[in-house]
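An overview of the molecular structure
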Amino acid sequence: MLKGSCLCKGVTYEVHSGLGPIIMCHCSKCRKATGTAFATNTPINTTDFKLVTGENLLSEFESTPNVFRVFCRNCGSPLYSRRTITPEVIRLRIGTLDSAIEDKPTAHVFVASKAEWYEIADDLPQYAERP
């Protein structure tokens, strides 16, 4: 089991499975949502994700039709995103994990729209959009 939380620790959660592929998304929306060069996400089945505390602190923003970004409304930490077309999966922001993991990122996506000031300096596969 993995544990995670937002910055203020008002929202805590558990993941009762291993992580899916860890993807670094460079799309402009992920950059805006995180304030960084990319978001680092992994898919998690909703049945394996348990919100422990802070459900009342969750807010969400529909960034594109049917895509909702879920965050702590107290501290602003982005926690996960969800899509109405795949309700059984969330995309967890792995920067919110408190548990140590051995998994490593597997790819960069949407590099065609990456920040011009950031240079990808690893040998992971890069995709102009979502493969």
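Residues numbered from 1 in each chain as written. Predicted model: local features only at pLDDT ≥ 70, side-chain atom pairs only at ≥ 80, totals over all residues. Heavy atoms only, no water.

Quick look at the overall build of the protein now. If you tally the helices and strands in the protein, you get one helix and ten strands. Helices and strands appear in the protein in the N-to-C order β-β-β-α-β-β-β-β-β-β-β. Here the C-alpha atoms of the protein give a radius of gyration of 14 Å, agreeing with the 14 Å that 2.2 N^0.38 yields for 131 residues. With respect to the three principal axes, the spread of C-alpha positions in the protein is 35 × 30 × 30 Å. Split into buried and exposed, the 131 residues of the protein put 37% on the buried side. (Helix = DSSP H or I, 4+ residues; strand = E, 2+ residues; numbered from the N terminus. Rg over C-alpha atoms; globule rule 2.2 N^0.38 Å. Buried < 20%, exposed > 50% of the residue type's maximum accessible area, 1.4 Å probe, protein only.)

What the rule picks out here adds up to three aromatic pairs. Look at F49 and Y80: their rings are 5.3 Å apart centre to centre, the planes differ by 65 degrees, and that puts the pair in the edge-to-face class. Residue F49 is found in strand β5 (residues 49–53), and its partner Y80 is found in strand β8 (residues 78–83); the two are separated by 31 residues along the sequence. Assigned by exposure class, F49 and Y80 land together as buried. These aromatic residues form a ring-pair network of at least three members: Y13, F49 and Y80. The aromatic ring of F68 is capped on one face by R82, whose charged end is 4.2 Å from the ring centroid. (Phe/Tyr/Trp six-rings, centres within 6.5 Å; stacked < 30°, edge-to-face > 60°. Lys NZ or Arg CZ within 6 Å of the ring centre and 35° of its normal.)

What follows is about the environment of L2. Relative to the elements of secondary structure, L2 occurs in strand β1 (residues 2–5). C-alpha separation for the pair L2 and H26, spaced 24 residues apart in sequence, amounts to 25 Å. In this structure, L2 is in contact with Y13, E14, V15, S17, L19, L97, S99, A100 and I101, ignoring residues within four places of it in sequence. (Contact = heavy atoms within 4.5 Å.)

What is shown is where atoms sit, not what they do.
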